[in-house]
Amino acid sequence: MRLCRFEQNSEAHFGFYTEDAIGPLSNFVQKSERDILTAESLVDLLPGGKYYDLVISMESRVSEDLIQRDGFKLEDVQLLVPIPNPSKLLLLAGNYAKHVEESGGRAEEREKTFPYVFMKPPSTTLTNPGDPVRIPACSPDQIDWELELGVVIGTRCSGVTEEEALNFVAGYTVVNDISDRAFRPNPQRAERSRDPFFDWLHGKWHDTFCPMGPCILPASDFEDPQNFQMQLHVNGQIEQDSSTAEMVFPVAAVVSFISNFVTLEPGDIISTGTPAGVGKAKGKFLKAGDTLTAKIEGIGVLENPVV
């Protein structure tokens, strides 16, 4: 059963998530399970977390009908970023062959390459479901969408093999890696050879440029992360329509690769790259008044207005 964070009376709470309603964990806890209310992070409630067994025991008696009866309607709560303070927010570039090709590149075979990994500042880019993506005044003209599968690490790992990597994954969420395709600080600058790379990288860092949510699907509920269907709509029109089956480097390979030079810790987020259909390839970019709807089947819908 999917888990989420939501706000009530200016406080953050944990809950069970359905497409129509949120069931606060506190509504369903029995006396022997009260320790679960001391959880500090959703990671504590996911595979590898210290209260995961209690969540499993609760799930045996908490149905979606019960959540809809005793919980809150989805439209009556403010959903929050599931993991608000990851120690690392890592993202992949060029992990779908068709996206590489639509961007003018050539997707080499996996054996000849390696994953390109970059970071975003989590405290200022992570954005709640329903909260706005803000067009930056310093560079407003080519703001783009990128629907991605987010991977939540559940157990500290270092140097793991691809075969064992998924054992360290707690769950999956929806990420929208908003990107500024035309960021070019100091137009009067003296050009340097690495300017294009840093322009691209810095264009990932604007405030609000990483909506995430609406929930986390426990990894134990979905055995094959290469079997998620994905769609992104802008104002109701489909722009991206793909599957995680099209990744160049699958989730297990990505976790293994990163863990061999960076220790991954519980709550770390890895966003695994975007499929074809981004705005730059079509000459279409976001503007104030647009609505972004990012959906991964089996996880949920992440919707954000643009202002």
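Above this text sits the structure in question.
Residues numbered from 1 in each chain as written. Predicted model: local features only at pLDDT ≥ 70, side-chain atom pairs only at ≥ 80, totals over all residues. Heavy atoms only, no water.

1. A short note on the overall build of the protein
Of the regular secondary structure elements, the protein holds 6 helices and 18 strands. For 307 residues, the compact-globule estimate of 2.2 N^0.38 gives 19 Å, and the protein sits close to it at 19 Å. In terms of overall dimensions, the protein has a C-alpha envelope of 65 × 45 × 30 Å along the principal axes. Long-range pairs, those at least 24 residues apart, make up 78% of the contacts in the protein between residues at least 6 apart in sequence. The averaged location of the 45 negative side-chain charges in the protein is 4 Å from the averaged location of its 27 positive side-chain charges. (Helix = DSSP H or I, 4+ residues; strand = E, 2+ residues; numbered from the N terminus. Rg over C-alpha atoms; globule rule 2.2 N^0.38 Å. Contact = heavy atoms within 4.5 Å. Lys, Arg positive; Asp, Glu negative; His and termini not counted. Charge placed at Lys NZ, Arg CZ, Asp CG, Glu CD.)

2. Comments concerning the environment of Leu232
Take Leu232: it is sitting in strand β14 (residues 229-234). Expressed as a C-alpha distance, the spacing of Leu232 and Ser242, which sit 10 residues apart in the sequence, is 9.2 Å. Leu232 has contacts with Trp145, Leu147, Asn176, Gln237, Ile238, Glu239, Gln240, Leu292, Thr293 and Ala294, leaving out every residue within four places of it along the chain.

3. Re helix α6 (residues 251-259)
The element α6 is largely enclosed, with a buried count of 8 among its 9 residues. Turning to α6, its buried residues number three or more, namely Val251, Ala252, Ala253, Val254, Val255, Ser256, Ile258 and Ser259. At its buried positions, α6 is contacted by β6 (89-93), β7 (116-119), β10 (147-153), β11 (169-176) and β16 (269-271). (Buried < 20%, exposed > 50% of the residue type's maximum accessible area, 1.4 Å probe, protein only.)

4. Side note on the pattern of salt bridges
Following the criterion strictly, the structure yields 19 salt bridges and no others. Two residues, Arg181 and Asp144, come together in a salt bridge whose shortest N-O distance is 2.9 Å. Of this pair, Arg181 sits in the loop between β12 (179-180) and α5 (195-202) while Asp144 sits in strand β9 (residues 143-144), and the two are 37 residues apart along the sequence. Taken together, the shared-partner salt bridges connect Lys120, Asp144, Glu146, Asp177, Arg181 and Lys204 into one network. (Salt bridge = Lys/Arg side-chain N within 4 Å of Asp/Glu carboxyl O.)

5. Observations concerning the environment of Asp70
Within the element layout of this structure, Asp70 appears in helix α2 (residues 64-70). Accessibility expressed as a relative area gives 34% for Asp70, which makes it partly exposed. In contact with Asp70, not counting residues within four places along its chain, are Asn27 and Phe28. Of the polar contacts made by the side chain of Asp70, one reaches the side chain of Arg69; its length is 3.0 Å. (Polar contact = N/O pair within 3.5 Å; in protein donor to acceptor, adjacent residues only side chain to side chain.)

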